Each structure stands twice: as C-alpha cells, then as structure tokens.
Amino acid sequence: TVEGYGNLPSHTGYEFIGWNTASDGNGTAYAAGDTVRLTASGNDLYAQWEAKTYGYTVEYYFDGKKNDSLTETAQAEYGAEIKTYHDKCPANYRLDQTENLPLTIGVNENENVIRVYYVKNVFTLTIHYRYAEDGTAAEDHVESFVQGAAYSVTSPKISGYTVDKATISGSMPAEDVTETVTY
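### Concerning the overall build of the protein
So, step 1. When helices and strands are tallied, the protein shows zero helices and 15 strands.
So, step 2. A compact globule built from 183 residues should have a C-alpha radius of gyration of about 16 Å, whereas the protein, at 33 Å, is more than 25% larger.
So, step 3. Based on the C-alpha atoms only, the size of the protein along its principal axes is roughly 110 × 30 × 20 Å.
So, step 4. Taking all 183 residues of the protein together, the buried fraction comes to 27%.
So, step 5. Across the protein, the fraction of contacts at a sequence separation of at least 24, relative to all contacts at a separation of at least 6, is 53%.
So, step 6. As displayed, the protein offers around 11600 Å² of accessible surface, 44% of which is attributable to carbon and sulfur atoms.
So, step 7. The protein carries 12 positive and 26 negative side-chain charges, and their two centres are separated by 5 Å.

Written as structure tokens, this is what we have:
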C-alpha cells in the first residue's frame, strides 16, 4: 500500500498530489492508499507536486491616496510572475511609479500586492519680462498648473514703457510653457 507524503519535508507553495514511477510525472501515478506490486528490479516512486493558488491585489493611488473602489484582486499559482495590471489612469493624470512589479506570487497573500501610483499632470508656466534693448525688466513669473487648467497672468506695468503682451493666457497643455513679454 502506497503511503501518503506523511512527515517528509514540505514543499513551500506546492501541494502533494501523489506518487509516480517517473520523476517527470509521465510514469504510472499512484495516490496514497493505492496498492503497488513490488518488482525484482525495484520500485522507485517520486513525489508529485502541484502549485497552490494564492491571491494577489492591485492597489491604485492618486496623488498618494489609495482609491479602494478601484482595488482589484485575482488568483495565480505559486511562483507565477505577474507583469501587468489594468491601467486606470484618468484624464489629466500620469503614471508616477509602480511597486512590486513584476510580482512573483508567494505564499503570504498580504505581500502579494502591486501598487500603482498616478499623479496629476502638472506643468510650469514661465514668463520672462525683458526690455527690447536687452536686460531684465521684471522678475520672472513662474507658476504650476494642472494640464487643461486655464491661466491668465497680467504683465506688470513699468513706468515709461509699453508692453507687447498685456496678458498671457491660455489653457495649460501637456508640456511646460515659456513666454517672453517685451517692454
């Protein structure tokens, strides 16, 4: 009678599923309790293992705050490598970073977590104020805006000079903006 795996060492992340006459599992399979006929040439039996399934989680963060309503859970076999996640980047945000990607599935489901961080698309508006005959007319105006935000900056008045652009305005594109105002 074939014994169970009993007190032999465990194989982390795997479940014992029986015995086989071939180490690759392509021989005759025996379950615990099966009867095996002993032969003169010997009977070598090899333990057969199957990977267990464990849960993993994908968490989504926006500007550093976790959005629990977007958290996903799934299952994968022990040792599997998870290389992808569902992209949930909203408009006017961009991917900042990921943690634990790729994720190799382990036995501790609390550690099987991919974290995806998105941040707002923030870009810089820089306005240089210059004299036509060269030199700085006023201190640069530097301000950050989220992509798509409207901006409107009134140029400073300088006594005795007229300005070529009294107001710099627009909608922030997905890149930094630099303008020069000449006096």
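Next comes the rest of the description.
### Topic: the nonpolar core
So, step 1. By size, the foremost hydrophobic cluster in this structure holds 15 residues, and its most contacted members are Leu125, Ile127, Tyr129, Tyr151, Met172, Val181 and Tyr183.
So, step 2. Broken down by secondary-structure element, the contributors of at least two residues to this core are strand 11 (122-130), strand 12 (136-146), strand 13 (150-154) and strand 15 (177-182).
So, step 3. Among the elements that line this core, the one with the most residues is strand 11, at four residues.
So, step 4. Core analysis: the next-biggest nonpolar cluster, separate from the first, contains 13 residues, Tyr54, Tyr60, Ile105 and Tyr118 among them.

### Side note on the sheet that holds strand 12
So, step 1. With respect to topology, three strands assemble into an open sheet ordered 12-11-15, the strand pairing being mixed. Two strands bound the open sheet, and with one partner strand each, they are strand 12 and strand 15. In this sheet, neighbouring strand axes are inclined to one another by 15° on average, regardless of whether the strands run parallel or antiparallel.
So, step 2. Judged from the six bridges that link them, strand 11 and strand 15 form a sheet pairing that is parallel.

### Focus: the packing of aromatic side chains
So, step 1. Per the counting criterion, the structure on display carries 10 aromatic pairs.
So, step 2. Where Tyr129 meets Tyr183, the ring centres are 6.4 Å apart and the plane angle is 55°; that geometry is what we call tilted. Note that Tyr129 is positioned in strand 11 and Tyr183 in the segment after strand 15, a separation of 54 residues in sequence. The same class applies to Tyr129 as to Tyr183, namely buried.
So, step 3. With a centroid separation of 5.6 Å and 40° between ring planes, the pair formed by Phe145 and Tyr151 is classed as tilted. Grouping residues by exposure puts Phe145 and Tyr151 together as buried.
So, step 4. Through a chain of ring-to-ring contacts, three or more aromatic side chains come together here, namely Tyr14, Tyr54 and Tyr78.

### Here's the deal with the environment of Thr104
So, step 1. Take Thr104: it is sitting in strand 9 (residues 103-104).
So, step 2. Remark: the alpha-carbon pair of Thr104 and Glu81, spanning 23 residues in sequence, is separated by 4.4 Å.
So, step 3. Residues within four places of Thr104 in sequence aside, it is in contact with Gly79, Ala80, Glu81 and Asn112.

### Considering the pattern of salt bridges
So, step 1. One pass over the structure, following the stated rule, counts eight salt bridges.
So, step 2. Among the salt bridges present, the one from Glu72 reaches Lys88, with a minimum N-O distance of 3.0 Å. Of the two residues, Glu72 is situated in strand 6 (residues 72-77) and Lys88 in the loop between strand 7 (81-82) and strand 8 (93-99); the sequence distance between them amounts to 16 residues.
So, step 3. Close ionic contact of Glu81 with Lys83 constitutes a salt bridge, the shortest N to O distance being 3.5 Å.
So, step 4. Residue classification places Glu81 among the partly exposed residues on the basis of a relative accessible area of 43%.
So, step 5. A cluster of three or more residues bridged by salt bridges with shared partners is formed by Glu59, Lys66, Asp68, Glu99 and Arg115.

Conventions and cut-offs
- Residues numbered from 1 in each chain as written.
- Predicted model: local features only at pLDDT ≥ 70, side-chain atom pairs only at ≥ 80, totals over all residues.
- Heavy atoms only, no water.
- Helix = DSSP H or I, 4+ residues; strand = E, 2+ residues; numbered from the N terminus.
- Rg over C-alpha atoms; globule rule 2.2 N^0.38 Å.
- Buried < 20%, exposed > 50% of the residue type's maximum accessible area, 1.4 Å probe, protein only.
- Contact = heavy atoms within 4.5 Å.
- Areas by Shrake-Rupley, 256 points an atom, 1.4 Å probe, with all protein chains shown as cover.
- Lys, Arg positive; Asp, Glu negative; His and termini not counted.
- Charge placed at Lys NZ, Arg CZ, Asp CG, Glu CD.
- Core = buried A, V, L, I, M, F, W, Y, C linked by side-chain atoms within 4.5 Å.
- Pairing = 2+ DSSP bridges.
- Axes fitted to C-alpha atoms, helices over the stretch in contact; angles between N-to-C directions.
- Phe/Tyr/Trp six-rings, centres within 6.5 Å; stacked < 30°, edge-to-face > 60°.
- Salt bridge = Lys/Arg side-chain N within 4 Å of Asp/Glu carboxyl O.

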